[in-house]
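Tertiary structure, described
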Amino acid sequence: MLETVLGLYNYWIVIVLMMAGFYTVIVRGNLVKKVVGLNIFQTSVFLLYITMGTVEGGTAPIVDAGADLYTNPLPSVLILTAIVVGIATTALGLALTVRIRESYGTLEEDEIIEIEDRMDGEV
Amino acid sequence: MPAAAPGGRTDAAMEQIIDIVLLAFMVVVAIAMIRLRNLYAVVMLSGIYSLLSASMFVVLDAVDVAFTEAAVGAGIATVLMLGTLALTFREERPPKRRTPLLPLAVVVVTGAALVYGTLDMPHYGDPEAPIHQHVAPRYIADSPLEVGPPNMVTSVLASYRGYDTLGETTVIFTAGIAVLVLLSGVTRRRQRRRPARGDESREARR
(Lines give C-alpha, C1' and ligand atoms only; values in the text may rest on other atoms or scores of the structure.)
Protein backbone atom coordinates (compact mmCIF):
# COMPACT_ATOMS: atom_id res chain seq x y z
CA MET A 1 0.00 0.00 0.00
CA LEU A 2 2.68 2.49 1.04
CA GLU A 3 4.79 1.35 -1.88
CA THR A 4 1.94 2.03 -4.31
CA VAL A 5 1.34 5.47 -2.82
CA LEU A 6 5.03 6.40 -2.99
CA GLY A 7 5.39 4.91 -6.47
CA LEU A 8 2.44 6.83 -7.88
CA TYR A 9 2.74 9.99 -5.72
CA ASN A 10 4.38 11.99 -8.52
CA TYR A 11 1.62 11.14 -10.99
CA TRP A 12 -1.08 12.07 -8.51
CA ILE A 13 0.50 15.44 -7.74
CA VAL A 14 0.83 16.00 -11.50
CA ILE A 15 -2.91 15.32 -11.84
CA VAL A 16 -3.71 17.74 -9.00
CA LEU A 17 -1.63 20.47 -10.68
CA MET A 18 -3.19 19.68 -14.05
CA MET A 19 -6.69 20.02 -12.62
CA ALA A 20 -5.68 23.26 -10.85
CA GLY A 21 -4.65 24.71 -14.20
CA PHE A 22 -7.77 23.35 -15.92
CA TYR A 23 -9.99 24.85 -13.22
CA THR A 24 -8.31 28.26 -13.58
CA VAL A 25 -8.84 28.20 -17.33
CA ILE A 26 -12.53 27.32 -17.22
CA VAL A 27 -13.64 29.28 -14.14
CA ARG A 28 -11.70 32.53 -14.16
CA GLY A 29 -12.93 35.24 -16.49
CA ASN A 30 -9.74 37.31 -16.47
CA LEU A 31 -7.67 36.60 -19.57
CA VAL A 32 -4.26 37.01 -17.87
CA LYS A 33 -5.39 34.54 -15.23
CA LYS A 34 -6.36 32.10 -17.97
CA VAL A 35 -2.85 32.31 -19.44
CA VAL A 36 -1.39 31.65 -15.98
CA GLY A 37 -3.70 28.64 -15.68
CA LEU A 38 -2.48 27.32 -19.02
CA ASN A 39 1.08 27.67 -17.73
CA ILE A 40 0.27 25.64 -14.62
CA PHE A 41 -1.25 22.93 -16.81
CA GLN A 42 1.75 22.95 -19.12
CA THR A 43 4.32 22.58 -16.35
CA SER A 44 2.35 19.66 -14.92
CA VAL A 45 2.64 17.88 -18.29
CA PHE A 46 6.40 18.49 -18.27
CA LEU A 47 6.58 16.90 -14.82
CA LEU A 48 4.56 13.91 -16.02
CA TYR A 49 7.00 13.19 -18.85
CA ILE A 50 10.14 13.73 -16.79
CA THR A 51 8.78 11.52 -14.00
CA MET A 52 8.26 8.69 -16.49
CA GLY A 53 11.85 9.03 -17.71
CA THR A 54 13.46 8.69 -14.29
CA VAL A 55 15.33 5.50 -13.39
CA GLU A 56 15.93 4.63 -9.75
CA GLY A 57 19.66 4.91 -9.02
CA GLY A 58 20.34 6.39 -12.44
CA THR A 59 22.28 9.56 -13.09
CA ALA A 60 21.80 12.46 -15.50
CA PRO A 61 22.32 11.31 -19.12
CA ILE A 62 25.86 12.63 -19.50
CA VAL A 63 28.63 10.11 -20.14
CA ASP A 64 30.60 9.48 -16.98
CA ALA A 65 33.19 6.74 -16.40
CA GLY A 66 31.77 5.91 -12.96
CA ALA A 67 28.14 5.65 -14.05
CA ASP A 68 26.48 2.58 -15.55
CA LEU A 69 22.80 3.53 -15.29
CA TYR A 70 21.46 6.65 -16.97
CA THR A 71 18.08 8.37 -16.87
CA ASN A 72 16.12 8.13 -20.11
CA PRO A 73 17.21 11.08 -22.33
CA LEU A 74 14.16 11.02 -24.63
CA PRO A 75 11.59 12.69 -22.32
CA SER A 76 14.15 15.42 -21.64
CA VAL A 77 14.48 16.10 -25.37
CA LEU A 78 10.71 16.21 -25.89
CA ILE A 79 10.19 18.52 -22.94
CA LEU A 80 13.00 20.88 -23.97
CA THR A 81 11.14 21.41 -27.23
CA ALA A 82 7.83 21.72 -25.38
CA ILE A 83 9.15 24.39 -22.99
CA VAL A 84 10.35 26.57 -25.85
CA VAL A 85 7.13 26.14 -27.83
CA GLY A 86 5.21 26.82 -24.60
CA ILE A 87 6.87 30.20 -24.10
CA ALA A 88 6.05 31.05 -27.72
CA THR A 89 2.34 30.34 -27.18
CA THR A 90 2.38 32.22 -23.86
CA ALA A 91 3.91 35.27 -25.54
CA LEU A 92 1.29 35.13 -28.29
CA GLY A 93 -1.54 34.80 -25.75
CA LEU A 94 -0.27 37.75 -23.76
CA ALA A 95 0.09 39.88 -26.90
CA LEU A 96 -3.53 39.07 -27.79
CA THR A 97 -4.51 40.05 -24.24
CA VAL A 98 -2.85 43.44 -24.65
CA ARG A 99 -4.68 44.00 -27.94
CA ILE A 100 -8.03 42.95 -26.45
CA ARG A 101 -7.55 45.36 -23.58
CA GLU A 102 -6.76 48.10 -26.06
CA SER A 103 -9.90 47.47 -28.10
CA TYR A 104 -12.38 46.68 -25.31
CA GLY A 105 -10.93 48.41 -22.25
CA THR A 106 -11.41 45.27 -20.12
CA LEU A 107 -9.96 41.81 -19.68
CA GLU A 108 -13.00 40.18 -18.09
CA GLU A 109 -14.58 37.61 -20.37
CA ASP A 110 -18.25 38.43 -19.57
CA GLU A 111 -17.72 42.18 -20.05
CA ILE A 112 -16.11 41.51 -23.43
CA ILE A 113 -19.08 39.35 -24.45
CA GLU A 114 -21.48 42.09 -23.30
CA ILE A 115 -19.67 44.70 -25.41
CA GLU A 116 -19.72 42.32 -28.37
CA ASP A 117 -23.49 41.77 -27.96
CA ARG A 118 -24.07 45.51 -27.77
CA MET A 119 -22.03 46.03 -30.92
CA ASP A 120 -24.03 43.32 -32.69
CA GLY A 121 -27.24 45.04 -31.59
CA GLU A 122 -26.18 48.38 -33.02
CA VAL A 123 -25.45 46.78 -36.36
CA MET B 1 22.44 -0.61 8.65
CA PRO B 2 24.93 -2.84 6.81
CA ALA B 3 28.14 -1.25 5.60
CA ALA B 4 27.62 -2.19 1.95
CA ALA B 5 24.60 -0.14 0.95
CA PRO B 6 23.90 2.59 3.50
CA GLY B 7 25.01 5.45 1.26
CA GLY B 8 22.80 4.42 -1.62
CA ARG B 9 19.78 3.70 0.51
CA THR B 10 19.86 6.94 2.53
CA ASP B 11 20.45 8.84 -0.72
CA ALA B 12 17.37 7.28 -2.27
CA ALA B 13 15.29 7.99 0.84
CA MET B 14 16.53 11.58 0.90
CA GLU B 15 15.65 12.00 -2.76
CA GLN B 16 12.18 10.65 -2.09
CA ILE B 17 11.67 13.13 0.75
CA ILE B 18 12.87 16.09 -1.34
CA ASP B 19 10.58 14.94 -4.14
CA ILE B 20 7.55 14.80 -1.84
CA VAL B 21 8.25 18.18 -0.24
CA LEU B 22 8.91 20.02 -3.52
CA LEU B 23 5.75 18.64 -5.15
CA ALA B 24 3.72 19.58 -2.07
CA PHE B 25 5.10 23.13 -2.33
CA MET B 26 4.07 23.23 -5.97
CA VAL B 27 0.50 22.29 -5.08
CA VAL B 28 0.37 24.98 -2.37
CA VAL B 29 1.70 27.63 -4.77
CA ALA B 30 -0.76 26.57 -7.49
CA ILE B 31 -3.72 26.83 -5.10
CA ALA B 32 -2.52 30.24 -3.91
CA MET B 33 -2.33 31.33 -7.56
CA ILE B 34 -5.95 30.27 -8.12
CA ARG B 35 -7.23 32.10 -5.05
CA LEU B 36 -5.33 35.41 -5.29
CA ARG B 37 -6.92 38.29 -7.21
CA ASN B 38 -3.91 40.59 -7.29
CA LEU B 39 -2.41 39.69 -10.66
CA TYR B 40 1.00 41.05 -9.71
CA ALA B 41 1.20 38.53 -6.84
CA VAL B 42 -0.05 35.78 -9.16
CA VAL B 43 2.74 36.49 -11.64
CA MET B 44 5.36 36.44 -8.90
CA LEU B 45 3.97 33.14 -7.63
CA SER B 46 4.09 31.72 -11.14
CA GLY B 47 7.82 32.55 -11.19
CA ILE B 48 8.21 30.66 -7.90
CA TYR B 49 6.18 27.78 -9.33
CA SER B 50 8.50 27.55 -12.34
CA LEU B 51 11.57 27.64 -10.13
CA LEU B 52 10.13 24.86 -7.94
CA SER B 53 9.49 22.77 -11.05
CA ALA B 54 13.07 23.42 -12.20
CA SER B 55 14.31 22.10 -8.84
CA MET B 56 12.03 19.12 -9.32
CA PHE B 57 13.66 18.42 -12.71
CA VAL B 58 17.10 18.39 -11.04
CA VAL B 59 15.84 15.84 -8.51
CA LEU B 60 14.46 13.77 -11.42
CA ASP B 61 17.91 13.83 -13.16
CA ALA B 62 16.78 15.96 -16.13
CA VAL B 63 19.34 18.74 -15.77
CA ASP B 64 18.96 20.18 -19.29
CA VAL B 65 15.24 20.61 -18.75
CA ALA B 66 15.94 22.23 -15.37
CA PHE B 67 18.23 24.84 -16.97
CA THR B 68 15.70 25.64 -19.65
CA GLU B 69 12.77 25.81 -17.27
CA ALA B 70 14.67 28.11 -14.87
CA ALA B 71 15.71 30.44 -17.70
CA VAL B 72 12.56 30.36 -19.81
CA GLY B 73 9.76 29.54 -17.36
CA ALA B 74 10.95 31.50 -14.33
CA GLY B 75 12.75 34.21 -16.30
CA ILE B 76 11.28 35.10 -19.67
CA ALA B 77 7.67 34.12 -18.90
CA THR B 78 7.65 36.24 -15.73
CA VAL B 79 9.07 39.24 -17.61
CA LEU B 80 6.48 38.86 -20.38
CA MET B 81 3.63 38.66 -17.87
CA LEU B 82 4.90 41.70 -15.95
CA GLY B 83 5.04 43.59 -19.24
CA THR B 84 1.44 42.57 -19.95
CA LEU B 85 0.35 43.77 -16.51
CA ALA B 86 2.07 47.11 -17.13
CA LEU B 87 -0.01 47.50 -20.31
CA THR B 88 -3.28 46.23 -18.76
CA PHE B 89 -4.55 45.87 -15.17
CA ARG B 90 -3.01 44.86 -11.85
CA GLU B 91 -6.20 43.53 -10.28
CA GLU B 92 -8.73 40.94 -11.25
CA ARG B 93 -12.40 41.92 -10.85
CA PRO B 94 -14.16 40.20 -7.92
CA PRO B 95 -16.37 37.33 -9.12
CA LYS B 96 -20.06 37.86 -9.80
CA ARG B 97 -21.06 34.25 -9.46
CA ARG B 98 -20.93 32.31 -6.21
CA THR B 99 -19.01 29.04 -5.96
CA PRO B 100 -18.89 27.54 -9.45
CA LEU B 101 -20.18 24.05 -8.73
CA LEU B 102 -20.38 22.68 -12.26
CA PRO B 103 -16.75 23.44 -13.22
CA LEU B 104 -15.62 22.06 -9.85
CA ALA B 105 -17.52 18.83 -10.54
CA VAL B 106 -16.05 18.58 -14.04
CA VAL B 107 -12.53 19.05 -12.67
CA VAL B 108 -13.00 16.52 -9.87
CA VAL B 109 -14.46 13.88 -12.20
CA THR B 110 -11.68 14.38 -14.77
CA GLY B 111 -9.07 14.17 -12.02
CA ALA B 112 -10.60 11.00 -10.62
CA ALA B 113 -10.59 9.40 -14.08
CA LEU B 114 -6.92 10.32 -14.52
CA VAL B 115 -6.01 8.93 -11.09
CA TYR B 116 -7.78 5.70 -12.03
CA GLY B 117 -5.65 5.66 -15.17
CA THR B 118 -2.41 5.92 -13.17
CA LEU B 119 -3.13 2.76 -11.17
CA ASP B 120 -1.70 0.64 -13.99
CA MET B 121 1.33 2.85 -14.54
CA PRO B 122 4.83 1.57 -13.74
CA HIS B 123 5.98 2.94 -10.40
CA TYR B 124 8.30 5.91 -10.09
CA GLY B 125 11.88 5.03 -11.08
CA ASP B 126 11.09 1.48 -12.19
CA PRO B 127 13.96 0.45 -14.53
CA GLU B 128 11.73 -2.21 -16.17
CA ALA B 129 9.14 0.33 -17.35
CA PRO B 130 8.27 0.03 -21.06
CA ILE B 131 9.55 3.55 -21.75
CA HIS B 132 13.10 2.37 -20.99
CA GLN B 133 12.94 -0.72 -23.22
CA HIS B 134 12.70 0.53 -26.83
CA VAL B 135 14.92 3.17 -28.44
CA ALA B 136 16.31 4.77 -25.28
CA PRO B 137 19.00 2.11 -24.63
CA ARG B 138 20.30 2.55 -28.17
CA TYR B 139 20.67 6.32 -27.74
CA ILE B 140 22.37 5.81 -24.38
CA ALA B 141 24.81 3.21 -25.73
CA ASP B 142 25.59 4.59 -29.21
CA SER B 143 25.09 8.35 -29.24
CA PRO B 144 28.43 9.21 -27.54
CA LEU B 145 30.21 7.20 -30.26
CA GLU B 146 28.02 8.16 -33.24
CA VAL B 147 27.52 11.87 -32.57
CA GLY B 148 30.23 12.83 -30.09
CA PRO B 149 28.98 15.06 -27.26
CA PRO B 150 28.97 13.31 -23.88
CA ASN B 151 25.52 14.76 -23.19
CA MET B 152 22.98 12.38 -24.77
CA VAL B 153 20.20 14.95 -24.67
CA THR B 154 22.28 17.24 -26.87
CA SER B 155 23.01 14.43 -29.32
CA VAL B 156 19.35 13.50 -29.70
CA LEU B 157 18.19 17.11 -29.88
CA ALA B 158 20.71 18.36 -32.41
CA SER B 159 21.40 15.25 -34.46
CA TYR B 160 18.89 12.39 -34.32
CA ARG B 161 15.91 14.70 -34.00
CA GLY B 162 17.41 17.75 -35.66
CA TYR B 163 14.32 18.28 -37.83
CA ASP B 164 12.19 18.64 -34.70
CA THR B 165 14.48 21.37 -33.50
CA LEU B 166 14.25 23.08 -36.88
CA GLY B 167 10.45 22.92 -36.64
CA GLU B 168 10.64 24.35 -33.13
CA THR B 169 12.66 27.28 -34.45
CA THR B 170 9.97 27.86 -37.07
CA VAL B 171 7.32 27.96 -34.34
CA ILE B 172 9.32 30.53 -32.36
CA PHE B 173 9.84 32.62 -35.47
CA THR B 174 6.14 32.57 -36.34
CA ALA B 175 5.16 33.47 -32.79
CA GLY B 176 7.68 36.30 -32.71
CA ILE B 177 6.32 37.75 -35.95
CA ALA B 178 2.74 37.43 -34.69
CA VAL B 179 3.59 39.20 -31.41
CA LEU B 180 5.29 42.02 -33.31
CA VAL B 181 2.31 42.42 -35.64
CA LEU B 182 -0.15 42.45 -32.73
CA LEU B 183 1.77 44.89 -30.58
CA SER B 184 3.15 47.29 -33.16
CA GLY B 185 1.68 50.68 -32.43
CA VAL B 186 0.03 49.81 -29.10
CA THR B 187 2.00 52.43 -27.15
CA ARG B 188 1.66 54.94 -29.98
CA ARG B 189 -2.12 54.59 -30.02
CA ARG B 190 -2.29 54.72 -26.22
CA GLN B 191 -0.48 58.04 -26.09
CA ARG B 192 -2.64 59.51 -28.80
CA ARG B 193 -5.87 58.41 -27.16
CA ARG B 194 -5.13 59.29 -23.53
CA PRO B 195 -5.67 63.09 -23.63
CA ALA B 196 -8.81 62.66 -25.76
CA ARG B 197 -11.08 60.76 -23.34
CA GLY B 198 -10.58 59.54 -19.78
CA ASP B 199 -12.90 56.51 -19.64
CA GLU B 200 -13.45 56.48 -15.86
CA SER B 201 -14.10 52.77 -15.47
CA ARG B 202 -10.79 51.91 -17.07
CA GLU B 203 -8.80 54.36 -14.97
CA ALA B 204 -10.60 53.47 -11.75
CA ARG B 205 -9.70 49.85 -11.83
CA ARG B 206 -5.92 50.35 -11.86
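Calculation notes
- Residues numbered from 1 in each chain as written.
- Chains lettered and ligands numbered in written order.
- Predicted model: local features only at pLDDT ≥ 70, side-chain atom pairs only at ≥ 80, totals over all residues.
- Heavy atoms only, no water.
- Helix = DSSP H or I, 4+ residues; strand = E, 2+ residues; numbered from the N terminus.
- Buried < 20%, exposed > 50% of the residue type's maximum accessible area, 1.4 Å probe, protein only.
- Areas by Shrake-Rupley, 256 points an atom, 1.4 Å probe, with all protein chains shown as cover.
- UniProt positions renumbered as here; feature names shortened; annotations may be inferred.
- Patch = residues over 30% accessible without salt bridge, like charges linked within 9 Å, V, L, I, M, F, W, Y side chains within 5 Å.
- Salt bridge = Lys/Arg side-chain N within 4 Å of Asp/Glu carboxyl O.
- Lys, Arg positive; Asp, Glu negative; His and termini not counted.
- Charge placed at Lys NZ, Arg CZ, Asp CG, Glu CD.
- Core = buried A, V, L, I, M, F, W, Y, C linked by side-chain atoms within 4.5 Å.
- Domains from an automatic or database assignment.
- Contact = heavy atoms within 4.5 Å.

Here's the deal with the overall build of chain B
Looking only at helices and strands, chain B has nine helices and zero strands in total. Taking all 206 residues of chain B together, 33% fall into the buried category. Accessible surface, chain B: about 12,200 Å² in total, of which carbon and sulfur atoms supply 68%.

Brief notes about the UniProt feature "transmembrane region" (unreviewed entry) in chain A
Here, UniProt's "transmembrane region" (unreviewed entry) annotation points to residues 6–26 and 75–98 of chain A. This span, residues 6–26 of chain A, is 100% helix and 0% strand, and a straight line between its end C-alpha atoms measures 31 Å.

Brief notes about a negative patch on the surface
Residue and element names in this part refer to chain A. Among the surface-exposed residues, E114, E116, D117 and D120 lie close enough to one another that they form a single negatively charged patch. By secondary structure assignment, the location of D117 is in helix α4 (residues 109–122). The exposure class of D117 is partly exposed, given its relative accessible area of 48%.

A look at the nonpolar core
By size, the foremost hydrophobic cluster in this structure holds 57 residues, and its most contacted members are L17(A), L47(A), M26(B), M33(B), Y49(B) and V65(B). Broken down by secondary-structure element, the contributors of at least two residues to this core are α1 (2–27), α2 (31–53) and α3 (73–104) of chain A together with α1 (6–35), α2 (39–59), α3 (63–87) and α6 (152–160) of chain B. Broken down by element, this core gets its largest block of residues, 10 residues, from α1(A). A domain split of this core shows at least three residues from each of domain 1 (13–93) and domain 2 (123–159) of chain B. Contacts of V65(B), omitting those with residues within four sequence positions, involve I50(A), S76(A), I79(A), L80(A), I83(A) and F57(B).

Some words on the domain arrangement of chain B
Split by domain assignment, chain B resolves into domain 1 (13–93), domain 2 (123–159) and domain 3 (161–197). For domain 1 of chain B versus domain 3 of chain B, the separation of C-alpha centres amounts to 24 Å.

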